[in-house]
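Summary of structural features
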Amino acid sequence: MTHLLLNVVVILSILLLAAEAKPKHHIPYRYRPKFHRNPLLPRFPAFDLPIIDNNDETPIIKNPIPTEDVVKENVKKPDFAIASLGQWEIISQDSGVSAMHVNLLPTNKIIIYDAKVYRTSRIRLPEGEPCLAFKDFRTQENGIDCFAHSVEYDIETNQVRPLKINRGDPWCSSGGLTPDGTFISTGGFADGGKTVRHFGGGCQDCKWREYDETLVDERWYATQQILPNGEIILIGGRKSFSYEFIPLQEGQKAGKSYFFPFLYETSDIDENNLYPFVHLSTDGNLFIFSNNRSLLLNPTNHKVVRTFPVLLGGSRNYPASGQSALLPIDLNAETIKAEVIVCGGNLPEAFLLAETKKIFLPALQDCGRLTISEKFPKWDTEMMPSRRTMGDSLILPNGQLLFINGAQLGTAAWWDAEAPNYTPVLYEPEKPKGLRFKLMKATQIARMYHSTSLVLPNGKIWVGGSNTHDTYKDNIKYPTETRIEAFSPPYLDEAFARYRPQINEVASQKVLRYGDLFETEFSVEVGFGLTANDIKVTMYAPPFTTHGFSMGQRLVVLKIDELIEQEQGNFRVKTAAPPSGAIAPPGYYLLFVVHRGIPSTGIWVHIQ
C-alpha cells in the first residue's frame, strides 16, 4: 500500500512540474501572426501598437507580445488615442464665387453658388457666354451682369469652372441630391422664390437647367429633405407657413402646398423659424425643429405624430442660427434609435438688437440631445467649450461630429455678428457626458455669415465662404472670402497612416439593394489581429449646406456579417445594406471602412 501511495505522489509531482513549465500566454495556432520574415532581421515579428504620450503627438512604438486576450474575436479594442488637434491648409486662393451654398456631387465636384442680387463676384462668365441684362430692384435702373454667380469646383484639382444662372435668384435657397445624383436647388429671393434648378445627372460640362414659377409657394430660407421613397419635401420659408413636394420630373410644376400651422406658431418678431431643422427619423417620419419647439410629422398622411418638449435657452433657427445634426444611426444596436442634437443660437431679441443698434448679444453655448424615436423623450443638455452662432455641424466618417465656423456674438445677416469662432470643436457622441468635447486647432480666417463646410471623400473638411455684407468687399474688417481651406481632423495624423484602411474600389460592390449583403475589399498595412470588432463600415449622405444647416446629412453604421482575411493585411468584409429608405433614402452615399476610429478614403455607392 505504501509503495502504491509513493507511486501516486511521484506521478502527481511530475504533472505539476509539467503544468508549471507550460507557457502562461500560449497563443493558439489559428491566432498566430502571418508574416514574411526578412532573413536579415531577428526571428520575431514586431507587433507594433501605437501608444501616445499626452505631451507629444508622436506615437511611441512598443512591441508587446500579443496574448490570447488581444486577439480573441470577442474583444473590442478601443479607438486609437490620437493627440493631434488637426491641421489647416489653404487649398485654393480664389473660388471665384463666395461659397454661400454648397453640395458635394457624386462626380467629385462641388456645386457652389451665391446670390445674383450682388451683380458681382470674382469670376467672369465663360468666354462667349452672353452677359445678362437686369433691372436693379432698388434703383430700377437697367444694367448688364457679366459675372458668374456659380462655379463647379473640382476637389481633385481645386480648379473651378464658372457657371451661368439665367433665371430666378438662388439667394438663400435650399437644395439636395435626388436618387439619381442630380442636384436640385429650390426657391430663393424675389424672382427666384418659386424657381427649381437642376444640375448634373450624367451630363458632361453640365449647365444649370432652370424653371421659374414651378413651386406653389415662395420659398426663401426653406429646408429641403429627401424622403424614404425618393420624393423631396420642401418646408417653410419667409412668410410661407406650409410645405410642398418637388416633382422629380424635370420642369413639372408642383401640385399643391399644405398649410403647416406649426411654422406660424413658432415665428416671433424676428422670425427665428427660418431654415427649420429637418431630419428624417428611422420610422419615416420627419423631425422638424423651429425656433425652440419641435414635432414629428408624418409626410404621407400629413398628421403630427407627436410633439416634443421645448428646448429652453433661446432661439435656434435663422437668424439666431444655431446648428443641428442627426446623430449616427447604428444598425448594430439592439434597438435602432434616432437622436438629434441642437446647439448654439441666440436669444429671441438678438437679431433686432444687432440689426438696429449693433448690440451683439453673446451666442448660446449649450447643446440639447433628444431621442426622437422614443415616445416621451426629454432634452439632455450639455455645454460646448465656446459660444457659437452660424456654425456648421458635420458628421465625420467615424461617427464623431465637428462643430466649425460661425461667431460668438450676434446673429446671422449683414454686419450683425462679431467675435469669429476660429476654433473647431470635435464632439464624440458615444463618450460619457462631460468628456465629449475637444478643442481643435484654430484657423486664421474668419468664417462668418454665409460661410459653409462639407466632408470630402478623403476625410478632410472643405471650408469656404463668408460674406458678411452687401456685395463683394475686400478692405474691410471681415472681407468677402473666396479662399478655400481644408481642415484635417485628428484621424488624418500621418503617424497613424499605416493603420488607415485602403478600400480596393475595383473589387468592391458599389450598387446596393436594401437588406442585401454586399462585399467591400480593403487592406490595412498594420492589420495583425484585426477582427470585425475593430472596424465599422459607414455610409454618409453628403448634404446641402447653407446658413449653418446641412440638409439631408446622415451617417449609417452598417451591420457586419463576416470579415475574412484573404492574405496578410488584405480583407473582405461582408456587410448588410440598410434595410429600408427610412434608414437610408435612395441615392448616392460615401462608404467608409473605419479602423478603430481611423476612416479610409470613401468610395461612392448607390442604393435603391
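Description of the structure in this document. (Residues numbered from 1 in each chain as written. Predicted model: local features only at pLDDT ≥ 70, side-chain atom pairs only at ≥ 80, totals over all residues. Heavy atoms only, no water.)

The next thing to look at is the pairing of strand S39 (residues 535–541). Taking burial as the measure, the seven residues of S39 include six buried ones, the bulk of the element. As defined by bridge partners, S39 adjoins strand S45 (residues 587–595) across six bridges and the pair is classed as antiparallel. Residue pairing across strands places Met539 opposite Leu591, the latter belonging to S45. Direction of pairing for S39 relative to strand S42 (residues 554–557): antiparallel, over a ladder of four bridges. Residue pairing across strands places Thr538 opposite Val557, the latter belonging to S42. (Buried < 20%, exposed > 50% of the residue type's maximum accessible area, 1.4 Å probe, protein only. Helix = DSSP H or I, 4+ residues; strand = E, 2+ residues; numbered from the N terminus. Pairing = 2+ DSSP bridges.)

One pass over the structure, following the stated rule, counts 39 aromatic pairs. Aromatic side chains Tyr118 and Tyr472 sit 5.9 Å apart centroid to centroid with 75° between the ring planes, which places their arrangement in the edge-to-face category. Placement of Tyr118 in the loop between strand S5 (109–113) and strand S6 (132–135) and of Tyr472 in the loop between strand S34 (461–465) and strand S35 (484–488) is noted, with a sequence separation of 354 residues between them. The buried category is assigned to Tyr118, whose relative accessible area is 5%. When the centroid spacing of 5.5 Å and the interplanar angle of 75° are considered together, the rings of Tyr221 and Tyr275 count as edge-to-face. Of the two residues, Tyr221 sits in the loop between strand S13 (209–211) and strand S14 (223–226) while Tyr275 sits in the loop between helix H3 (261–265) and strand S18 (277–280), which places them 54 residues apart along the sequence. Accessibility classification places Tyr221 together with Tyr275 in one group, the buried group. Grouping aromatic residues by their ring pairs yields a cluster made of Tyr118, Trp171, Phe189, Trp220, Tyr221, Tyr275, Tyr318, Trp414, Trp415, Tyr449 and Tyr472. The ring of Phe134 carries the charged tip of Arg119 above its face, separated from the ring centre by 4.2 Å. Lying over the aromatic face of Phe80, Arg596 brings its terminal NZ or CZ to 4.1 Å of the ring centre. (Phe/Tyr/Trp six-rings, centres within 6.5 Å; stacked < 30°, edge-to-face > 60°. Lys NZ or Arg CZ within 6 Å of the ring centre and 35° of its normal.)

Turning our attention to the layout of surface pockets. If you add up the space inside the largest pocket, you get close to 850 Å³. Looking at the largest pocket, it is lined by 33 residues, and the ones nearest its centre are Asp79, Glu430, Lys536, Arg596 and Gly597. Ranked by residue count, the leading element in the lining of the largest pocket is S39, at three residues. For the lining of the largest pocket, the residue count by class is 16 nonpolar, six polar and eleven charged. (1 Å grid on protein atoms, 1.4 Å probe; cavity = no way out; pocket = protein on both sides within 12 Å on 5 of 7 lines; lining within 4 Å. Points joined across faces, edges and corners; volume = space filled by probe spheres on them. Nonpolar A, V, L, I, M, F, W, Y, C, P; charged D, E, K, R; others polar.)

Before going further, it helps to spend a moment on the sheet that holds strand S4 (residues 101–104). Reading across from one edge, S9-S8-S5-S4-S40-S41 is the order of the six strands in this open sheet, with antiparallel pairing throughout. What marks the edges here is a single partner per strand, and that holds for strand S9 (160–163) and strand S41 (549–551). If you compare each strand with its neighbour and ignore which way they point, the axes differ by 20° on average. In the sheet, strand S8 (residues 150–154) pairs with S9 via four bridges, with the strands oriented antiparallel. Note that in S9 the partner of Tyr153 across the bridge is Val160. (Axes fitted to C-alpha atoms, helices over the stretch in contact; angles between N-to-C directions.)

Before going further, it helps to examine the state of the cysteines. Scanning the model with the defined rule gives three disulfides in all. A disulfide bridge connects Cys203 with Cys206, and the sulfur atoms are separated by 1.8 Å. Across the S-S bond of Cys203 and Cys206 the torsion is about 115°, and the bridge reads as right-handed. Its relative accessible area of 33% is what places Cys203 among the partly exposed residues. The class of Cys206 is buried, set by a relative accessible area of 6%. Across the disulfide from Cys343 sits Cys367; the S-S distance is 2.0 Å. (Disulfide = S-S within 2.5 Å.)

Here the focus is the environment of His547. When you line up the elements, His547 lands in the loop between strand S40 (544–546) and S41. When its relative accessible area of 9% is taken as the criterion, His547 is described as buried. Along the sequence, His547 and Gln323 sit 224 residues apart, while their C-alpha atoms lie 9.2 Å from each other. Apart from residues lying up to four places away in sequence, His547 is in contact with Met100, Cys172, Tyr221, Tyr275, Tyr318, Tyr449 and His450. A distance of 2.8 Å separates polar atoms of two side chains, one belonging to His547 and the other to Thr546. (Contact = heavy atoms within 4.5 Å. Polar contact = N/O pair within 3.5 Å; in protein donor to acceptor, adjacent residues only side chain to side chain.)

Attention now moves to empty space enclosed by the protein. Following the criterion strictly, the structure yields six cavities of 30 Å³ or more and no others. Space inside the largest cavity adds up to approximately 230 Å³. As for the largest cavity, its lining consists of 22 residues, and the residues nearest its centre are Leu177, Ile226, Ala541, Pro542 and Gly552. Those elements that place two or more of their residues in the lining of the largest cavity are strand S10 (174–177), S14 and S45.

Ranked by internal contacts, the top residues of the largest apolar core, which has 120 residues, are Ile110, Trp171 and Trp462. Here the element with the most residues in this core is S45; it accounts for six residues. Ignoring sequence-local partners within four residues, the contact set of Ile110 consists of Val102, Asn103, Leu104, Val151, Glu152, Tyr153, Ile155, Leu454, Leu456 and Trp462. (Core = buried A, V, L, I, M, F, W, Y, C linked by side-chain atoms within 4.5 Å.)

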